[in-house]
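# Architecture and fold: a report
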Amino acid sequence: MLLSLQGNSPPAILALADGTVFIGHSIGASGSTVGELVFNTALTGYQEILTDPSYFQQIVTLTYPHIGNCGVNGEDVEADKIHAAGLVIKDLPLLASNFRATETLAQYLVRQQTVAIAGVDTRKLTRLLRSKGAQNGAIVGLAPGQALTQERIDAASAQARAAPGMEGQDLAQVVSTAVRYDWTQTAWRIGSGHGELGQPRWHVVVYDFGVKKNILRQLAERACRLTVVPARTPAAEVLAMRPDGVFLSNGPGDPQPCDYAIDATRQIMDSGIPVFGICLGHQIMALASGARTFKMDHGHHGANHPVKDLASGRVSITSQNHGFAVAMESLPACLRATHVSLFDGTLQGLERTDRPAFCFQGHPEASPGPHDIAYLFDRFTALMEKN
């Protein structure tokens, strides 16, 4: 039995900027939210998706029909709070069952003050976003006793139309840590939970543009002692720490306004220290090297994206979450393409020909998703070893 069929939840409205309206049931906090509406094709990992800082100011539509089966636990979060602006699903199961669960998805959404809607035809919505591109939307979750009226529907549509777009928005510094901190937690294992870094071999400075916890764990798993720094940290401060390598994290928004990060990355690469960037960090490294980025129609969001390694011919299934990409035709002589998407041919990986630096557009740490591309973390440690 599905909760969205029970009729015991207050109504909710999903309004798109183009005037499309869906009516469903509120499964989160009452109130309203706005953001860029995107769809994610992952079959699992709704908790990791919701807490990924890269989804800041985005409303996530999950295409898999039944979301919430496994409940929520305190170990699988990618940040200390939900960063997605809202959630859209088809059906929320009445019961959640998992030996690690501590609360249901609906309880979690309410506790995190996140507006969410169920009972939406997510197949229709996804086809609309694929054909017209990502667009702004608004979710209004009514409180118990509030009536669904045309006035409230019209107000939701107006909110969607008035919401700002993603282009030109520097969101990395908004979600970044405010203070420097150390990280030593390693990967989770059944029966023992997360581990702890023993004898570190490398010191890596991580630029936090919205970093996911599992990225940090994957680096610590490879004997990296991590110092995580705010997004606006000058290159001189990082170089003064004398790190073995510098990591540029994932994050939300448009990379082009992040001039502080672009300048710092350029100086760090010029110093000869190994650099590894992913997602937003990949785009920032490309911009720092002279390439250009652009806004995609609907982006890549999911855990089933095939990516080809151009050197080996190896095809990996990867986890993706980005709405901007690096323009292939803009690459200067100092950048070499290393990976491409087999979905649409867009650029997925780069390396500098004159510096020990490389980057990848997807998420090699998975969480959620396959681990096919995790070898990039090993490539980073090998680069530090060589350097």
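These numbers were taken from a predicted model, which means no experiment stands behind them.

Turning next to the pairing of strand β17 (residues 335–341). Across the 7 residues that make up β17, a large majority, 5, are buried. Note: strand β15 (residues 293–309) against β17, 3 bridges, orientation antiparallel. Residue pairing in the sheet places Val307 in a bridge with Ser341 of β17. Two elements, β17 and strand β18 (residues 347–352), share 5 bridges in a ladder whose sense is antiparallel. In the sheet register, Arg336 faces β18, and the bridge partner there is Glu351. From the end of β17 to the start of β18, which pair antiparallel, there are 5 residues, and Gly345 there has a positive phi angle of about 80°.

Quick look at the state of the cysteines now. Under the defined criterion, the tally for this structure stands at 0 disulfides. Cys258 forms no disulfide, and the closest cysteine sulfur to it belongs to Cys279, at a distance of 12 Å. Given the relative accessible area of 1%, Cys258 is considered buried. Looking at Cys359, it has no disulfide partner, and the nearest cysteine sulfur is the one in Cys334, 11 Å off.

For the protein, per-residue confidence averages 96 on the pLDDT scale, and residues scoring 70 or more make up 98% of the total. Note on residues 1–6: pLDDT is under 50 here. Beyond four places in sequence and across chains, it has 19 contacts.

This part takes up the pattern of salt bridges. All told, the structure shown has 18 salt bridges when counted by the stated rule. Across the pair Lys213 and Asp80 runs a salt bridge whose closest N-O atoms are separated by 2.6 Å. Residue Lys213 is located in helix α6 (residues 213–221), and its partner Asp80 is located in the loop between β4 (58–62) and β5 (86–88); the two are separated by 133 residues in the primary sequence. The exposed category is assigned to Asp80, whose relative accessible area is 69%.

This next bit is on the sheet that holds strand β8 (residues 181–183). Taken together, 10 strands build an open sheet; the order of strands is β8-β12-β11-β13-β14-β19-β18-β17-β15-β16 and the sheet is mixed. Looking at strand neighbours, the two that pair on one side only are β8 and β16 (315–326), the edges of this open sheet. Taking each pair of neighbouring strands and ignoring which way they run, the sheet shows an average axis angle of 25°. Each of β11 (202–207), β12 (224–229), β13 (245–248), β14 (275–278), β15, β16, β17 and β19 (357–360) is contacted by helix α10 (residues 375–386), which is oriented at about 170° to β19, the strand it contacts most.

This next bit is on the sheet that holds strand β3 (residues 31–40). With respect to topology, 7 strands assemble into a closed barrel ordered β1-β2-β6-β5-β4-β3-β7, the strand pairing being mixed. Between one strand axis and the next, the sheet turns through 35° on average, direction left out of account. The pairing of β3 with β4 spans 5 bridges and is parallel. Within the sheet, the bridge partner assigned to Glu36 lies in β4 and is Gln58. Along the sheet, helix α3 (residues 122–132) makes contact with β1 (11–16), β2 (21–26), β3, β4, β5 and β7 (135–141), crossing β3 at roughly 70°.

Thresholds, definitions, all that
- Residues numbered from 1 in each chain as written.
- Predicted model: local features only at pLDDT ≥ 70, side-chain atom pairs only at ≥ 80, totals over all residues.
- Heavy atoms only, no water.
- Buried < 20%, exposed > 50% of the residue type's maximum accessible area, 1.4 Å probe, protein only.
- Helix = DSSP H or I, 4+ residues; strand = E, 2+ residues; numbered from the N terminus.
- Pairing = 2+ DSSP bridges.
- Disulfide = S-S within 2.5 Å.
- pLDDT = per-residue confidence, 0-100.
- Contact = heavy atoms within 4.5 Å.
- Salt bridge = Lys/Arg side-chain N within 4 Å of Asp/Glu carboxyl O.
- Axes fitted to C-alpha atoms, helices over the stretch in contact; angles between N-to-C directions.

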